[in-house]
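If you want the building blocks of each chain, they are given just below.
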Amino acid sequence: MFDQLKRMATLVTVVEQGSFGAAARALGTTTSAVSQQIRALEQSLGLPLLARTTRQLRLTTAGESFHRECVAMVDAARRAEQALQTIKDAPTGELRVTAPAGFLAHLSRALAPVLLRHPGLKLHVLADDAMSDLVGQRIDVAVRFGRLPDSNWVARKLGTMAMVLCASPAYLARCGQPAHPDEAGPFEWVALDTGGSAPRTGLQWQGQGPEHHVHWPVRVSGNNQAWVQHMCEAGLGVALLAEWDVREALAQGRLQRVLPQWEAPPLDMYAVMQPRSAGTPKVQVALDALARLVTQSEHVRAHS
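Residues numbered from 1 in each chain as written. Predicted model: local features only at pLDDT ≥ 70, side-chain atom pairs only at ≥ 80, totals over all residues. Heavy atoms only, no water.

## Quick word on the pattern of salt bridges
Cut-off, in case you're wondering: When a carboxyl oxygen of Asp or Glu is within 4 Å of a side-chain nitrogen of Lys or Arg, the pair counts as a salt bridge. We call a residue buried when its accessible area falls under 20% of the maximum for its residue type, exposed when it is over 50%, and partly exposed in between, using a 1.4 Å probe and counting protein chains only.
Applying the stated rule across the entire model yields seven salt bridges. For the salt bridge of Arg96 with Glu94, the shortest nitrogen-to-oxygen distance reads 3.3 Å. Residue Glu94 is classed as partly exposed on the basis of its relative accessible area, which comes to 33%.

## Focus: the sheet that holds strand E7 (residues 163-167)
In sheet architecture, strand pairing relies on hydrogen bonds along the backbone and comes in two forms, parallel and antiparallel. What counts is decided by this rule: Any two strands between which DSSP finds at least two bridges are classified as paired. In DSSP terms, a helix is any run of H or I states spanning at least four residues, a strand is any run of E spanning at least two, and both are numbered starting from the N terminus. Two residues form a contact once any of their heavy atoms are found within 4.5 Å. Here the axes come from fitting lines to C-alpha atoms, over the contacting stretch only for helices, and the angles between their N-to-C directions go from 0 to 180 degrees.
The strand order across the open sheet built from three strands is E12-E7-E13, with neighbouring strands paired in antiparallel fashion. The sheet terminates laterally at strand E12 (239-242) and strand E13 (256-257), the two strands that pair on one side only. With four bridges joining them, E7 and E12 adopt antiparallel strand pairing. Across the sheet, residue Val164 finds its bridge partner in E12, namely Leu241. Where helix H7 (residues 225-233) meets the sheet, its contacts fall on E7 and E12, and the angle it forms with E12 comes to roughly 125°.

## Notes on the environment of Cys70
When you line up the elements, Cys70 lands in helix H4 (residues 61-89). If we skip the residues at most four places from it in the chain, Cys70 touches Met8, Leu11 and Val12.

## Let's talk about the packing of helix H1 (residues 2-17) against helix H3 (residues 31-45)
The condition is simple: Handedness of a crossing is defined here by the sense of rotation of the near helix relative to the far one, left-handed for an anticlockwise turn of less than a right angle and right-handed for a clockwise turn. Each residue receives one of three labels: charged for Asp, Glu, Lys and Arg, nonpolar for Ala, Val, Leu, Ile, Met, Phe, Trp, Tyr, Cys and Pro, and polar for the others, Gly being one of them.
The N-to-C vectors of H1 and H3 enclose an angle of 120°; their axes lie 9 Å apart at closest approach. Considering how the two elements wind past one another, H1 and H3 form a crossing that is left-handed. Counting all contacts with H1, which are made through Gln4, Lys6, Arg7, Met8, Thr10, Leu11 and Val14, the residues of H3 involved are Val34, Gln37, Ile38, Ala40, Leu41, Ser44 and Leu45. Counted by class, the contact of H1 with H3 contains eight nonpolar, four polar and two charged residues.

## Considerations on the packing of aromatic side chains
Rules: Pairing of aromatic side chains here covers Phe, Tyr and the six-membered ring of Trp, requires ring centres within 6.5 Å, and sorts the geometry by plane angle: under 30 degrees stacked, over 60 edge-to-face, intermediate tilted.
For the coordinates displayed, the defined rule picks out five aromatic pairs. In textbook terms, an aromatic cluster arises when at least three aromatic residues are bridged by ring pairs, as seen for Tyr171, Phe187, Trp189 and Trp216.

## With respect to the sheet that holds strand E10 (residues 208-214)
Taken together, the three strands give an open sheet; going across it, the order is E10-E9-E14, and neighbouring strands pair in antiparallel fashion. A strand with exactly one partner marks an edge of an open sheet, and here the two such strands are E10 and strand E14 (262-263).

## Quick notes on the side chain of Gln4
Applicable threshold: Polar contacts, as counted here, are pairs of nitrogen or oxygen atoms within 3.5 Å of one another; within protein the pair requires one atom able to donate a hydrogen and one able to accept it, and residues that are adjacent in sequence qualify only if both atoms are side-chain atoms.
With respect to the helices, strands and loops of the structure, Gln4 is situated in helix H1. In terms of polar contacts, Gln4 uses its side chain to reach the side chain of Arg7, at 3.0 Å. Contacts of Gln4, omitting those with residues within four sequence positions, involve Leu41, Ser44 and Leu45.

Below, the structure written as structure tokens:
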């Protein structure tokens, strides 16, 4: 039976290619082997299927009828193979992702549609603003920002995030709104996980020219970006925040831009993966979802 099915598939290829030689090349075999397959098929059926001349190869009347059924058989086999491949490539199992706590709202928008499309996929998210033990936590994808430490992990740059200096209206009413970094003497930082050391931020006038570094003392520091923003809104100092995160606070007047004509360096955004899992279906759908999220945001420049 299986030999006969192989011969029927060979007939389909011969007709598709238009000659024994072309069919042999498509099948990765010899012309004589193709000819033997067709001859054996005709002998088993007791009817000629192909009329051969030196210039032409065409189906006989019986061959046309038989060929239609062979095509249906081959198409069914191809569909079955494609269906199996789809199942094989479908993301399944548990996807473990870590990201800074302040990014979780964006992460949920990215991954919720993925989970709805793939019922076999489970998700576990670890909110973490530090580079934790990714191996020990069995992390598949870590969303990270800024400069990455050296490691043997695979890093894919997703985009570049605009950063802005912000303070509350009450804080600026007390300390003033300078036009130049050198005029911002009384300012203090609300800083992200600096360990008490003052951050060095280089500012450029409208993104051009020499950098002016500001050296303000740290009043409040913490290792959670969302908490830093809350303390900034409470009027405790100036914070360097992602424009993506503060657009609502700026629109509602809870925060105001500080030195709006001066631009801070953007922040790189990465997806970090273990080498052994970087090509798995569940990781690939997560990467695609994150890439779509970045592309759709006006505050992040996607990495080309």
